[in-house]
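What follows is the residue order along each chain.
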Amino acid sequence: MTRLLVRRKLYLRLFLFVGLPLLALTVVFGSIKSLAESHKSSAAQQIANDDAAKTSSVGWITVDAREFAHLKKFIGESDDNQLNALETRGSLSIFQLGEQQILELSRNMHDEFNKCGGFVWHETLADAQAALVENARADAAQQAVAYTIDNYANVQPLIAESKEAQIRETIIRLSTDYPNRRFNQPSGMASAAWIKNKWTQLAANRSDVSVEYFVHPETTSPQPSIILTVPGTVFPNEVVVLGGHQDSINLNGPTFNAPGADDDASGIASLTEAIRVLLAKNFRPQRTVKFMAYAAEEIGLRGSNEIAADFQRRGVNVVGVLQLDMTNYKSVSSAADIAIITDLTNAAQNQFVRDLITTYQPSLTVTTSTCGYGCSDHASWNNKGYAASFPFEGARSNPNIHSVNDTLEQMGNNAAHAVKFTNIALSYVGELAKGTLGATSTTPTPTVTPSPTATPTPTPTPTPATRRNVALAANGANVSASSDSGASYAPALAIDGNRTWAASAGWRDGTANNFPDWLQVNFDSIKTINEIDVYAVRDDYTNYDEPTADTKFSLYGITDFDVQYWDGSNWATVSGGSVRNNDRVLTKIVFSAISTSRIRIVVNSGQSGYSRIVELEAWSGGIVTPTPTPTPTITPTPTITPNPTPTATPATPTPTPSVRINVAAASNGAVATASTDSGTAYAASGAINGSRVWANGAGWRDGTPNVFSDWLQVDFAAARTINEVRVYAVRDDYTNFEEPTADTKFSLYGITDFDVQYWDGVNWATVPNGSVTNNDKVLTKITFSPITTGKIRVVVNNGQSGYSRIVELEAWSGDGGNSLTSSEARSSTFGDWMSSVLFYIKTQLF
């Protein structure tokens with residue numbers, strides 16, 4: 001018994017001091033491993049779907065009974081927390097969902113009902129609750145308007161003016177230049193700017209017409225809506241609204257291409273052509289007309305819902321709303337040209353739209369259809385008590401929407417069907433807003449009867465003619481160029497009124513290191529001008545201050561150029577227009593007045609390989625006093641009285657190190673290209689923007705998953721001598737904003753096998769130690785003896801999770817190639833050491 005007790009005590013001690021701690025560690029590390037594996041799995045899924053870790057904000061949605069049944073099936077019967085409706089009234093219910101869940105719901109709605117949305121998003125619960133009340137009383141609250149059709153003389157000339165080619169061009173621009181117009185993607189903001197600029201140009205000759213952004217809260221939509229307003233001449237407080245949504249969506253993920261040629265570039269194009277025709281014909285409506293390009297329709301009618309709520313709050317008297325969402329797809333199996341949506345619309349106005357089609361397009365066949373709750377922006381207006389109508393492209397929807405296949409090619413490469421909807425819009429404005437076509441001269445010339453005896457009138461002091469920049473887009477000018485570097489550097493940016501690169505960039509040619517280039521501005525008619533101003537890029541190009549005559553550049557300006565005008569037969573250089581060895585940001589050229597219809601700049605040389613012009617202005621009217629070039633005052637060099645040199649102990653001077661510069665940075669004139677990319681959000685340019693972490697701007701990702709090799713190439717502004725290349729891959733915790741150190745490793749999304757190469761003038765050659773295999777480091781630094789080259793590239797032979805991803809590619813010139821940056825020299829923390837110890841214990845003991 002004694003031995004047994006002793007043995008039991010020994011076993012107990014062993015258990016307490018060895019077994020129990022080991023058991024605890026097993027549980028702890030098992031949990032850690034499970035959590036890590038869970039995180040790794042979910043992170044891998046997330047990066048596969050969204051790769052940029054976009055917003056996960058929460059919102060409230062309202063859905064009707066049909067969508068509610070689908071919502072239950074989509075989320076799952078067992079998830080009680082998500083299935084409970086927060087409130088129900090009539091056929092509508094409120095649910096709270098996260099951003100990713102809303103995207104999934106939108107995808108499933110499309111799969112089951114082949115339509116947009118099917119729900120309405122609200123930023124707050126109070127907004128959602130208000131929507132329930134508004135929906136219940138919407139039909140009763142809609143305003144009654146006398147619908148008459150009696151303005152044929154003014155409407156028919158409008159319809160005769162609409163052009164298929166104009167509509168087609170807008171569809172092409174939106175769907176190809178901006179193939180992802182999602183509300184929270186940079187390209188979605190860029191496409192909004194393009195629409196605003198386009199509408200502004202169309203309104204250039206109408207001082208009464210305004211174009212503005214409707215800016216939404218960041219949580220609603222980073223993408224703004226756009227509103228063009230034509231004020232009414234008789235009833236300015238009565239408003240007619242026509243709208244379509246500008247955003248597009250690919251239900252496979254936020255960053256996938258979504259050309260949206262039909263959904264809804266076609267609707268915006270139909271509206272844009274209606275704007276062009278109305279303003280070209282100088283139409284003057286009696287009621288105020290507002291054209292709108294709504295933001296974020298595809299993710300819960302966010303833009304239109306907020307605008308309609310704002311109009312309701314301010315008591316704006318909207319007498320009618322017309323929605324154009326998808327206007328260019330005509331199903332071969334559908335006999336009808338137009339389907340008028342009957343749910344969440346106003347029956348009386350729907351009949352008015354049908355009568356407009358019968359009157360002005362009698363050959364068209366019209367039917368009716370339904371699309372359910374929240375299928376397009378008309379629902380936002382209907383819910384706020386306004387009469388809305390939604391003529392649709394046919395009884396059968398386009399099967400290609402919400403995918404990469406929604407292209408103009410799927411619609412016969414023409415916009416013939418969309419013309420019908422432009423004509424509906426024109427007749428709707430002409431008969432609901434009424435109005436007349438403007439005459440060429442509205443002020444008759446009076447007949448002057450001379451007085452028998454007149455008191456001589458003294459000659460007045462002449463008023464100087466008003467100064468006017470006739471090269472401004474807002475004043476009717478348009479622009480073209482020999483080439484450009486894409487939408488972000490389009491010629492139109494050089495006549496938008498912004499004189500600094502920080503405000504809106506400007507034009508940059510698309511043929512680096514190849515001169516001459518030219519930028520041409522066509523006036524809207526022959527103008528008499530006496531001054532041309534050329535704005536180049538200042539060195540501190542993020543500075544919003546306009547340059548003065550003394551502001552100089554040394555990095556990105558144009559140094560040799562000719563300013564020319566069209567003399568009716570040839571291009572001629574204006575007096576003083578041949579500029580050489582220029583270093584001024586602002587060049588003002590003043591000359592005796594000339595009459596011309598166009599001007600241009602021929603750039604013969606520009607810094608860092610490009611022709612860049614921030615703004616080009618041509619001034620007419622006024623008295624111009626040339627600014628004389630100041631004669632520099634030369635300060636004589638003083639005679640220095642030598643001081644005796646003291647006897648000193650000889651010492652070796654410390655040399656001043658060369659300035660280290662990353663010549664692969666876009667800010668230093670470099671340009672990046674790649675074998676492929678996954679769209680605008682993952683373009684090659686993202687790998688030379690100065691950000692070394694995915695969380696702060698992503699980087700390049702190829703567009704051919706699971707196919708290697710891929711390559712990323714950087715062309716320097718000129719031949720450079722480099723001694724180091726750095727390649728930054730994606731860290732596992734890619735939402736981390738800290739720059740990686742030399743010890744940071746990856747296991748999920750990095751590039752594992754690659755070659756770093758340089759151009760030797762004839763072939764691509766691998767830099768010393770530039771063939772990397774089995775890599776697991778986020779930061780790869782390759783140093784070597786100096787090499788002079790004009791470009792480098794990384795050839796990726798293998799990457800994790802099927803892609804080649806590079807956050808940043810850097811090439812360094814100057815001394816200090818082997819020095820660590822401050823972030824790389826950061827010492828390990830106790831937490832890092834402890835994690836390593838625990839990992840060692842786990843791997844060795846278990």
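One can find the structure itself at the top, above this paragraph.
Residues numbered from 1 in each chain as written. Predicted model: local features only at pLDDT ≥ 70, side-chain atom pairs only at ≥ 80, totals over all residues. Heavy atoms only, no water.

Draft legend 1. Geometry of the packing of aromatic side chains. Overall, the coordinates contain 12 aromatic pairs when judged by the stated rule. When the ring of Phe311 is compared with that of Trp381, the centres are 5.5 Å apart and the planes differ by 85°; the resulting orientation is edge-to-face. With Phe311 in helix α10 (residues 302-314) and Trp381 in helix α12 (residues 378-383), this pair connects stretches of sequence that are 70 residues apart. Here Phe311 falls in the buried class, since its relative accessible area comes to 3%. Since its relative accessible area comes to 0%, Trp381 is described here as buried. Residues Tyr734 and Tyr749 carry aromatic rings whose centres are separated by 5.6 Å and whose planes lie at 80° to one another, so their mutual orientation is edge-to-face. Remark: Tyr749 occurs in the loop between β28 (710-728) and β29 (751-759) and Tyr734 occurs in the loop between β28 and β29; sequence separation between them is 15 residues. Here Tyr734 and Tyr749 have matching classes, each one buried. Sitting over the face of the ring of Tyr213, Lys196 holds its NZ or CZ atom 5.2 Å from the ring centroid. Over the aromatic face of Tyr803 sits the side chain of Arg701, whose NZ or CZ is 4.2 Å from the ring centroid. (Phe/Tyr/Trp six-rings, centres within 6.5 Å; stacked < 30°, edge-to-face > 60°. Helix = DSSP H or I, 4+ residues; strand = E, 2+ residues; numbered from the N terminus. Buried < 20%, exposed > 50% of the residue type's maximum accessible area, 1.4 Å probe, protein only. Lys NZ or Arg CZ within 6 Å of the ring centre and 35° of its normal.)

Draft legend 2. Quick look at helix α7 (residues 164-177). Counted at 1.5 Å a residue, the expected span for α7 with its 14 residues is 20 Å, and the 20 Å between its end C-alpha atoms agrees. If you check which residues of α7 are buried, you get Ile167, Thr170, Ile171, Leu174 and Ser175. For α7, the buried positions fall inside an angular range of 115° around the axis, keeping them on one side. (Expected span 1.5 Å × (residues − 1). Arc of directions from axis to C-beta.)

Draft legend 3. Structural detail: the state of the cysteines. Applying the stated criterion to the full structure yields one disulfide. Here Cys371 is linked by a disulfide to Cys375, with a sulfur-sulfur distance of 1.8 Å. Taking the torsion about the S-S bond as the criterion, the Cys371 to Cys375 disulfide, at about -45°, is left-handed. In terms of burial, Cys371 and Cys375 fall into one category: buried. (Disulfide = S-S within 2.5 Å.)

Draft legend 4. Just the environment of Ser210, in detail. Here Ser210 lies in strand β5 (residues 210-214). Spatially, the C-alpha atoms of Ser210 and Lys290 are 9.7 Å apart, while their sequence positions differ by 80 residues. If near-sequence neighbours (up to four positions away) are discounted, Ser210 is found in contact with Ile227, Leu228 and Thr229. (Contact = heavy atoms within 4.5 Å.)

Draft legend 5. Summary view of the pattern of salt bridges. Scanning the entire structure with this criterion turns up 28 salt bridges. Measuring nitrogen to oxygen at the nearest pair gives 2.8 Å for the salt bridge that ties Arg276 to Glu273. Residue Arg276 and its partner Glu273 are both found in helix α9 (residues 261-280); the two are separated by three residues, about one turn of the helix. One exposure class covers both Arg276 and Glu273, and it is buried. One salt bridge connects Arg499 with Glu617, and the closest N-O pair in it is separated by 2.8 Å. Remark: Glu617 occurs in strand β24 (residues 615-620) and Arg499 occurs in the loop between β17 (478-481) and α14 (501-504); sequence separation between them is 118 residues. The exposure class of Arg499 is partly exposed, given its relative accessible area of 21%. Given a relative accessible area of 3%, Glu617 falls into the buried group. (Salt bridge = Lys/Arg side-chain N within 4 Å of Asp/Glu carboxyl O.)

Draft legend 6. Just the nonpolar core, in detail. Counting 49 residues, the largest nonpolar core has Trp199, Leu228, Leu242, Phe291 and Tyr428 as its most contacted members. Within the second largest apolar cluster, 35 residues are counted, among which are Phe523, Ile529, Ala536 and Ile589. (Core = buried A, V, L, I, M, F, W, Y, C linked by side-chain atoms within 4.5 Å.)

Draft legend 7. Seen up close, the packing of α7 against α9. Running from N to C, α7 and α9 point in directions that differ by 135°, and their axes come no closer than 8 Å. On the basis of the axis angle, α7 is oblique to α9. Seen from above, α7 lies across α9 with right-handed handedness. Counted together, Gln166, Ile167, Thr170, Ile171, Leu174 and Ser175 of α7 and Ala261, Ala265, Ser266, Ile268, Ala269, Ser270, Thr272, Glu273 and Arg276 of α9 form the full contact between these two elements. Per-class residue counts for the contact of α7 with α9 are seven nonpolar, six polar and two charged. (Axes fitted to C-alpha atoms, helices over the stretch in contact; angles between N-to-C directions. Parallel < 35°, antiparallel > 145°, perpendicular 65-115°, else oblique. Left-handed = near helix turned anticlockwise from the far one by under 90°. Nonpolar A, V, L, I, M, F, W, Y, C, P; charged D, E, K, R; others polar.)

Draft legend 8. Fine view of the sheet that holds strand β14 (residues 391-392). If you trace the three strands from one edge of the open sheet to the other, you get β12-β11-β14, paired in mixed fashion. With one partner strand each, in any of the chains shown, β12 (366-369) and β14 form the two edges of the open sheet. Here strand β11 (residues 338-341) pairs with β12 via four bridges, running parallel. By the bridge assignment for β12, Ile341 is matched with Ser369. Sitting on the sheet, helix α11 (residues 347-360) is in contact with β11 and β12, with an inclination near 165° to β11. (Pairing = 2+ DSSP bridges.)

Draft legend 9. View of unusual backbone geometry. Pro516 follows Phe515 through a cis peptide bond whose omega is 0°. Along the chain, Pro516 turns up in the loop between β18 (507-508) and β19 (517-535). Of note, the amide linkage connecting Phe708 to Ser709 takes the cis form, showing an omega dihedral of 5°. For Asn282, which is not glycine, the phi torsion reads 55° and is therefore positive. Residue placement: Asn282 occurs in the loop between α9 and β8 (283-284). Under the relative-accessibility criterion, Asn282 is labelled buried at 19%.

Draft legend 10. Local environment of the pairing of β29. Among the nine residues in β29, eight count as buried, and that is most of the element. In this structure, β29 lies alongside strand β31 (residues 779-799), joined through seven bridges in antiparallel fashion. When the sheet's bridge partners are listed, Asp755 is paired in β31 with Val795. What sits between β29 and strand β30 (residues 764-772) in their antiparallel hairpin is a turn of four residues, with Gly761 showing a positive phi close to 105°.

All quantities given are derived from atomic positions and should not be read as evidence of function.
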